[in-house]
Amino acid sequence: MGRTPVRTDVHAGTAASEAAAARAGADAPDTERAAAAPASATPVPTAREPRARVPGAAARHPLFSAEWLSAAESAFAALPADGADTIRIGLDVVDPPERTVAALDVLVDLGSGALRFTAGHGTDRPTLAFTLTYADAGTLLFGDQAHRTRLFEHGGLRLEGAFLFVFFLDRILSQDVSGALAELRASTSGLPEGADTAPARWTPRPPAHGRPAHARPAAVPGTAADGEGAEESEESAVAAAHDALPRTMAALTRELGRTTPGAQLYVSHAPSGTAVSAALGECRPSVPFTRESWPIWYCCSKAVGAVGIGQLWERGLVDPLRPVASYLPWFDGAGREKITLFQLLTHTTPVPMALDPLHGTFAAPVEVRREQVRAMRLPPGAEPGARINYAPWWAWFLLAEVVRAVDGRDYERYLTEEVLAPCRMTDTRMVLSPDEYRERADRLPLIHIAGGGFPTAPTRWYATEDSCTRPIHGLNMRGPIRDLGRFFETLLADGRGPGGRVLRPATVMAMTARHRVGLTDAFGNADWGLGFRVESRYLGEPYTAFSRYASHRTFGHYGLWTSAAFADPDAGLAVALHLNGKVSQNEHQERMLAIGDAVYRDLGLA
């Protein structure tokens, strides 16, 4: 039975309707405020041990065989899978063994943790559609987090749909709070390495509500928190932040243990001389967040790349209105010649988010990704500029290729020398070297999945060696959030950084002006500059990004509903924030506006 294509249009706004759209296989831009995994009201299932088995009597069956499907039905029979928070996963196996099915649908209830497997594809459009090998299918379902994450690094996986649901699917499979998945694993034969043995049962840690926000952090070997003076410095920084921004720190502290285990905050307000840099909570289990920690910036990285394109524009090496194929001849043909730099920067290409060619290979070797972008096809009849099509992976991959083609330096070296250096972003890395990764691997901040009725849990997404040391253009920059704040301070200063000019004043205005106007989606996306989100609160609460008090000229970016940074030229204000707990779009907007509004109130700008 053929699969109905993944939906590429979404018309849902509330959490409930987002879930309904997901069940229909809605495309949903994830690294920007797009489709959100709903916050479930379903109680967390009670953990249970796999049902007792008589020694020697337990039958094991090949994955996706008829007998296995029957065992799967039995394992999850006690868990409901018909709530508002269900999503549909399509699996197509390219090398199925005999007597196993090659195509099947999996209904996943994000509220109860139930899985329902059905041979063949139904008429409902999947939220996520995987094309993968038989071994990789086993790893996807039964592997530990590290092995599951690495499926996106070897180049053999294809994925279409709303990528953000991969994170919530990973949490369901990793936590297995009911024990049903462990029971099913025990009934499965021939699983690949990494999926054949049950991971250690995940145990939720108690929330950090009771700990004062300014509690003295433990020392972290090899960081600025080493030694008595450094520890006091971290504690003093948090105390100073409470004194300077009491409402802001109260709002931020309320999120600890609720939607995030930790945070970094940077605020600078030149008119009042206010400058705050502080870290709270944990960046990963048992590792305190310090001001020197290197969280990943996710799509806030795109703003840095956009400035690089602005520099090349100033030099006359690129024109935003020219086709990408003018600079990359290999991107010509099959309709690709119509795609311009302007469309990439404003996310108005005709390629829906669901069809991003790099969904399944975002951390694969660069040459693999280049070939996939080279071979991409535009949807028939799709027109540029007609709708918002956020491009988390492929658009900035192309922009990086343009930088290399017209300047000669690769994207990472170019931005390090031409943007990071004059902004004095000395602790930021476009991509980690293998030595840097190995030296810091045990204290790099992790993303934690929060909300949805399940305990907050750490993940391995973007934290493996390959995903940290291979460039994921426009996504995997790492550094203290204060460096991101310094970047926006430079733009507030008309492009002049502490180490030299980055952009001319006119170019700063051009990059941060409204270029995408009149387009909105159901997930808060509205006006856009050339690589920058522009505050659109004039359109109402659903489109308010940074603060209800932000001026019309405010610009910035979001990152995976974890990081956010913005500059308000009218107020002389720069803010950068990282929360290492990923929640739904609605939850993130609520906490972002609570913190952003508090900043304005503390500074007398409300």
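What you are looking at is a predicted structure, and each value in this text was computed from that prediction instead of being measured.

A. Geometry of the overall build of the protein. Within the protein, the secondary structure is distributed over 18 helices and 19 strands. Burial status across the protein gives 60% buried among its 606 residues. Considering only intrachain contacts with a sequence separation of at least 6, the fraction spanning at least 24 residues in the protein is 72%. For the protein, the computed accessible surface area is about 21100 Å², with 53% contributed by carbon and sulfur atoms.

B. Layout of the packing of aromatic side chains. Under the criterion given, the structure shown has 25 aromatic pairs. Through a chain of ring-to-ring contacts, the aromatic side chains of Phe152, Phe163, Phe167, Tyr298, Phe362, Trp393, Trp461 and Tyr462 assemble into a single cluster. Positioned above the aromatic ring of Phe331, the side-chain terminus of Arg336 is 5.7 Å from the ring centre. The ring of Trp294 has Arg440 sitting right over it, with the charged end atom 3.6 Å from the ring centre.

C. Seen up close, the pairing of strand 5 (residues 128-132). Within strand 5, four of the five residues are buried, leaving the element largely enclosed by the surrounding structure. Of the pairings in the sheet, the one linking strand 2 (residues 86-93) to strand 5 comprises five bridges and is parallel in character. Bridge pairing in strand 5 links Gly90 to Ala129. With four bridges joining them, strand 5 and strand 6 (residues 158-161) adopt antiparallel strand pairing. Bridged to Thr131 within strand 6 is Arg158.

D. Here's a closer look at helix 18 (residues 585-602). With 18 residues, helix 18 extends 26 Å between its outermost C-alpha atoms, agreeing within 8% with the 26 Å of an ideal straight helix rising 1.5 Å per residue. Burial analysis of helix 18 places 14 of its 18 residues in the buried class, which makes it a mostly covered element. Taken from the residues just after helix 18, Gly604 is the one with a positive phi, measuring 70 degrees.

Calculation notes
Counting of residues starts from 1 at the beginning of each chain's written sequence and follows it residue by residue. Only residues with pLDDT of 70 or above have their local features reported here, since the model is predicted, and side-chain atom pairs are shown and tallied only from 80 upward, although totals for entire chains, interfaces and linings are computed over all residues. The side-chain numbers reported here are obtained from all heavy atoms of the structure, hydrogens and water having been left aside. Put simply, DSSP marks the helices as runs of H or I at least four residues long and the strands as runs of E at least two long, and each gets a number from the N terminus on. Only protein chains enter the area calculation, which uses a 1.4 Å probe; residues under 20% of their type maximum are buried, those over 50% are exposed, and those in between are partly exposed. Contact between two residues is taken to exist if any of their heavy atoms lie within 4.5 Å; hydrogens are not considered. The method behind every accessible area is Shrake-Rupley, applied with a 1.4 Å probe, and residues are considered shielded solely by the protein chains displayed. Ring pairs are drawn from Phe, Tyr and Trp, using the six-membered ring of Trp, whenever the two centres fall within 6.5 Å, and their geometry is named by plane angle: stacked under 30 degrees, edge-to-face over 60, tilted for the rest. Either the NZ atom of lysine or the CZ atom of arginine qualifies as a charge over a ring when it sits within 6 Å of the ring centre and within 35 degrees of the ring normal. Only strands that DSSP links by at least two bridges are regarded as paired with each other. By definition here, a helix of n residues has an expected span of 1.5 Å times n minus one.

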